[in-house]
Number of protein chains: 2
Amino acid sequence: MEIINRSVAIKDHVEGAPEESDFELRTDVITAELTPGSNDVLVKNLYLSIDPYQLNRMKKYSSSHETSNYAAPLVPGKTIDGYGVGRVVASAKAGFEKGDLVAGVIGWEEYTLVHEGTMLNKLSTTEFPLSYHVGILGFSGLTAYGGFYNLCKPKNGEKVFVSAASGSVGNVVGQYAKLFGCYVIGCAGTKQKVELLKNKLGFDDAFNYKEESDLKSTLKRYFPDGIDIYFDNVGGEMLEAAVSNMNLFGRIAVCGVISEYADAKVRASPNMLDVVYKRITIQGFLAGDFISQYADFFALTVGYLRSRKLHALEDISIGIESIPSAFAGLFHGDNIGKKMVQVAEE
Amino acid sequence: MEIINRSVAIKDHVEGAPEESDFELRTDVITAELTPGSNDVLVKNLYLSIDPYQLNRMKKYSSSHETSNYAAPLVPGKTIDGYGVGRVVASAKAGFEKGDLVAGVIGWEEYTLVHEGTMLNKLSTTEFPLSYHVGILGFSGLTAYGGFYNLCKPKNGEKVFVSAASGSVGNVVGQYAKLFGCYVIGCAGTKQKVELLKNKLGFDDAFNYKEESDLKSTLKRYFPDGIDIYFDNVGGEMLEAAVSNMNLFGRIAVCGVISEYADAKVRASPNMLDVVYKRITIQGFLAGDFISQYADFFALTVGYLRSRKLHALEDISIGIESIPSAFAGLFHGDNIGKKMVQVAEE
Ligand SMILES: NC(=O)c1ccc[n+]([C@@H]2O[C@H](COP(=O)([O-])OP(=O)(O)OC[C@H]3O[C@@H](n4cnc5c(N)ncnc54)[C@H](OP(=O)(O)O)[C@@H]3O)[C@@H](O)[C@H]2O)c1
Ligand SMILES: NC(=O)c1ccc[n+]([C@@H]2O[C@H](COP(=O)([O-])OP(=O)(O)OC[C@H]3O[C@@H](n4cnc5c(N)ncnc54)[C@H](OP(=O)(O)O)[C@@H]3O)[C@@H](O)[C@H]2O)c1
């Protein structure tokens, strides 16, 4: 059986902020007949995760390229691989059957032929919307969990600051932190996002960083007693301002530095005198480092979802054609919550 | 009994690199009669520790001022307090007797009246030269020990880089690291220091950073397989270059950033993309955080000294008048090893 497969690739390497015109949508015909013994699985993709880190893969050179499989550089003209959820169409692999729902590394395309060795797992429950397995129960959730509980080492009552707080990872971090018993303030780039953080997600306070001219004083105003934990999604000036406002023995989990992805000239110059004297820890991590904690993460998060203590914030575009704008929009703050593209009806 | 006491103070706050003319030498007459019940101890100072961090105390404002007692701002015209070794001249405190050798927070002066609540300990051994208790068995040694073993979490065979490696803290870190089983390279600011590191202190290699134009490539050349541990004494460009050359899960102990003390415009802008993807930890500390490990530190270090595996590198100037030049010299790399001023004969 032949299948028409539409897919997305970069035309060329992308160096600055991504634009829709950086991408091409191609149409191929693929076969659904799998080679027996190949262990291949053909997946019909349903929800694709749209993530900022892909921009680093699109660069011709980035020091990140050699650090993990997920960071490997993208090749112009070749379909972009990424996390998502789909349904098995055909399987040459034991344990996977036609109709199974799966999550794993698929592609920015309608169908992906997943080869042996690529992460692919059957969904363990259908209790929640499928999209949750891309976001809050997928890598975004695991990122928030791994970074917050492991790196930030929260203590009850501590003061937590989260940047890109209405984003996919940030909103979950803030909610975990509140549920843990911390005092939590987030920042985001629009008034609407700020209202959402305060009124819907239970943040103690929130502010629009685009309306602030001196972030160091802004943070001083919001944290008169200092910051114990900073969960950094953006880097740059915000990181500098946070370092200035950290308390003794403060912890900074550097999850990502989106303000530096699209502009190599943006760099944080944190005051290292503060790092020494305040004994600050600044630590980077990748979600994959915490895969061994997946069961704990899943149990905690599912429990919170069931008791409606945790809110899944999602932002879903429809159709493969929407991928370029969905991706470019991450760098303009277009998304609220986990950005995904639904490429097919369930 | 009246005693003539000469002491050193700053004339005014010092903002840039310190110069000899920033200091004044004063002469006072003090009394050796202590108020009974006061718990005061009058100490005749023998060796004074000359430390870079004092420059931060000399500034009118530094974010470091509020972070610990030792970091408190200095007042122009008032004697500078600091670590050192001396002999008790008179005591109103139980447990301290005339003639006892002590180490603790005394002052840049010939005699210090040590009040209750100020750190003062009797020396536990006279097996080693007195000066060792200021340097390798004092705070410099504890700094090296605390930072290396606790923050750097060394593993056998790991690649270690130390900056200001012929300095007081740096030389001990390098020697501990070698004795632990690491591969160790240091940098320093003269040819003579580099030779010393290689030929006398057992470093695997060393280089003169002042002869290098691109520190990032220099480190790449010296560490073709990357750096696992960076013990940072200098900050600035060297920190940036180290971050670029760190291996996955590398650890950076930020002990001090001397290149940033004398020039507020010098700042490190480490590539945070590296920090994220390589899961680097950058952590500041103060020696005082490890005071509870003093016994372990002392036992290990004394053991190494006895078996002549560890070399005590000292740089001693004579006389209270030499304090200003000794201190200013730290910022020009004049010292080799622990800088001290001997203010009186033992
Ligand atoms: N370490 C890991 O394993 C891991 C895993 C997932 C994600 N991450 C990182 O975590 C961060 C958030 O990722 P996400 O998936 O949750 O994305 P997201 O936050 O849902 O989307 C990106 C958001 O970043 C903000 N932003 C964009 N450009 C910015 C700039 N120049 N300065 C400040 N904020 C900017 C925008 O919100 P505003 O309206 O607030 O500006 C935008 O909505 C990223 O840095 C990402 O690379 C790391
Ligand atoms: N965290 C703590 O508790 C603690 C305790 C003690 C010391 N420290 C810090 O550790 C570092 C070393 O202190 P130390 O007592 O061992 O002093 P030191 O290394 O014995 O003396 C300072 C040395 O730093 C180097 N230096 C001076 N200016 C420099 C510059 N602009 N760039 C690069 N190197 C420069 C010079 O050596 P070169 O010839 O190599 O340039 C100089 O000899 C300092 O940053 C200090 O503040 C921290």
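Residues numbered from 1 in each chain as written. Chains lettered and ligands numbered in written order. Predicted model: local features only at pLDDT ≥ 70, side-chain atom pairs only at ≥ 80, totals over all residues. Heavy atoms only, no water.

Under the annotation held in an unreviewed UniProt entry, chain A carries the name Enoyl reductase (ER) domain-containing protein and is attributed to Stephania cephalantha.

## Quick notes on the pattern of salt bridges
Scanning the model with the defined rule gives 28 salt bridges over all chains in all. A salt bridge links A:Lys339 to A:Asp315, with the nearest nitrogen and oxygen atoms 2.9 Å apart. Of the two residues, A:Lys339 sits in strand S15 (residues 338–342) while A:Asp315 sits in strand S14 (residues 314–318), which places them 24 residues apart along the sequence. One exposure class covers both A:Lys339 and A:Asp315, and it is buried. As a salt-bridge pair, B:Glu110 and B:Arg6 come within 3.0 Å of each other at their nearest N and O atoms. In this pair, B:Glu110 sits in the loop between strand S5 (101–107) and strand S6 (111–114) while B:Arg6 sits in strand S1 (residues 2–10), placing the two residues 104 residues apart along the sequence. (Salt bridge = Lys/Arg side-chain N within 4 Å of Asp/Glu carboxyl O. Helix = DSSP H or I, 4+ residues; strand = E, 2+ residues; numbered from the N terminus. Buried < 20%, exposed > 50% of the residue type's maximum accessible area, 1.4 Å probe, protein only.)

## A word on the site of ligand 2
All names here are of chain B. Taken together, 27 residues lie near ligand 2, and Lys-193, Tyr-209, Tyr-261, Ala-287 and Asn-335 sit nearest. Cys-255 is positioned such that a nitrogen or oxygen atom in its backbone is 2.9 Å from a nitrogen atom of ligand 2. Against a free-state accessible area of 900 Å², the protein chains account for coverage of 90% of ligand 2. Listing elements by their share of the shell around ligand 2, those giving two or more residues are helix H3 (168–180) and helix H7 (258–261). Top element by residues in the shell around ligand 2 is H7. It accounts for three residues. (Near = heavy atom within 4 Å. Polar contact = N/O pair within 3.5 Å; in protein donor to acceptor, adjacent residues only side chain to side chain. Areas by Shrake-Rupley, 256 points an atom, 1.4 Å probe, with all protein chains shown as cover.)

## Quick word on the site of ligand 1
Residue and element names in this part refer to chain A. Ligand 1 sits among 27 residues. The nearest are Ser-168, Lys-193, Tyr-209, Tyr-261 and Asn-335. Between an oxygen atom of ligand 1 and a main-chain N or O atom of Gly-189, the distance comes to 3.0 Å. Taking Lys-193, its side chain carries an N or O atom lying 2.5 Å from an oxygen atom of ligand 1. When residues of the shell around ligand 1 are traced back to their parent elements, those giving at least two are helix H3 (168–180) and helix H7 (258–261). Among the elements that line the shell around ligand 1, the one with the most residues is H7, at three residues. Here the shell around ligand 1 spans two domains, since at least three of its residues come from each of domain 1 (2–135 + 313–342) and domain 2 (139–288). (Domains from an automatic or database assignment.)

## Section: the interface of chain A and chain B
Taken together, the contact between chain A and chain B spans 38 residues of the former and 38 residues of the latter. Between chain A and chain B lies a buried interface of about 3200 Å² when both sides are counted; carbon and sulfur atoms form 59% of it. A per-residue breakdown of the area chain A buries against chain B is headed by A:Met272, A:Val276 and A:Tyr277, which together make up 22% of the total. Where chain A touches chain B, the interface holds two salt bridges. When the shortest N-O distance is used, the salt bridge between B:Asp289 and A:Arg279 registers 2.7 Å. (Contact = heavy atoms within 4.5 Å. Buried area = accessible area lost by both parts, 1.4 Å probe.)

## A look at the pairing of S14(A)
Residues and elements named next belong to chain A. Only one face of S14 is buried: it carries Asp-315 and Ser-317, and the other face, with Glu-314, Ile-316 and Ile-318, is open. Summarising the sheet, S14 and S15 pair through five bridges and their orientation is parallel. What sits directly across from Ile-316, in S15, is Met-340. (Pairing = 2+ DSSP bridges.)

## Some points on the relation of the copies chain A and chain B
For the pair chain A and chain B, the best superposition has an RMSD of 0.0 Å and corresponds to a rotation of 180° with a translation of 0.0 Å parallel to the axis. The two molecules are tied by a two-fold rotation axis, judged by turn and shift. Among all C-alpha atoms of chain A, that of A:Ser269 lies closest to the rotation axis, at 2.1 Å. Comparing interface residues between copies, 100% of those in chain A also lie at the interface in chain B; the contact surface is shared. (Least-squares fit on C-alpha atoms with pLDDT ≥ 70 in both.)

## What to know about helix H10 (residues 323–330) of chain B
With seven of eight residues buried, H10(B) is to be regarded as a mostly interior element. Within H10(B), the full set of buried residues consists of B:Ile323, B:Pro324, B:Ala326, B:Phe327, B:Ala328, B:Gly329 and B:Leu330.

## Looking at the sheet that holds strand S9 (residues 183–188) of chain B
Whether parallel or antiparallel, the strands of a sheet pair through hydrogen bonds between backbone atoms. Reading across from one edge, S10(A)-S9(A)-S8(A)-S11(A)-S12(A)-S13(A)-S13(B)-S12(B)-S11(B)-S8(B)-S9(B)-S10(B) is the order of the twelve strands in this open sheet, with mixed pairing throughout. Of all the strands in the sheet, the pair left with one neighbour each is strand S10 (205–208) of chain A together with strand S10 (205–208) of chain B. Geometrically, the sheet is characterised by an average inter-axis angle of 15° between neighbouring strands, direction not taken into account. Alignment of strand S11 (residues 227–232) of chain B against strand S12 (residues 246–254) of chain B, held across five bridges, turns out to be parallel. If you follow B:Phe231 over to S12(B), its bridge partner there is B:Ala253. Together, strand S8 (159–162), strand S11 (227–232), strand S12 (246–254) and strand S13 (281–284) of chain A form the strand contacts of helix H2 (residues 139–151) of chain A, whose direction differs from that of S11(A) by roughly 150°. Where helix H2 (residues 139–151) of chain B meets the sheet, its contacts fall on strand S8 (159–162), S11, S12 and strand S13 (281–284) of chain B, and the angle it forms with S11(B) comes to roughly 150°. (Axes fitted to C-alpha atoms, helices over the stretch in contact; angles between N-to-C directions.)

## Let's talk about the domain arrangement of chain A
Residue and element names in this part refer to chain A. Taken domain by domain, chain A comprises domain 1 (2–135 + 313–342) and domain 2 (139–288). Distance from the C-alpha centre of domain 1 to the C-alpha centre of domain 2: 28 Å. Each partner contributes to the interface: domain 1 provides 22 residues, whereas domain 2 provides 17 residues. Summing both sides of the interface, domain 1 and domain 2 together bury roughly 1400 Å²; the carbon and sulfur share of this comes to 62%. Run the count over domain 1 and domain 2 and you get zero salt bridges. In terms of residue class, the side of domain 1 that touches domain 2 is made up of eleven nonpolar, eight polar and three charged. (Nonpolar A, V, L, I, M, F, W, Y, C, P; charged D, E, K, R; others polar.)

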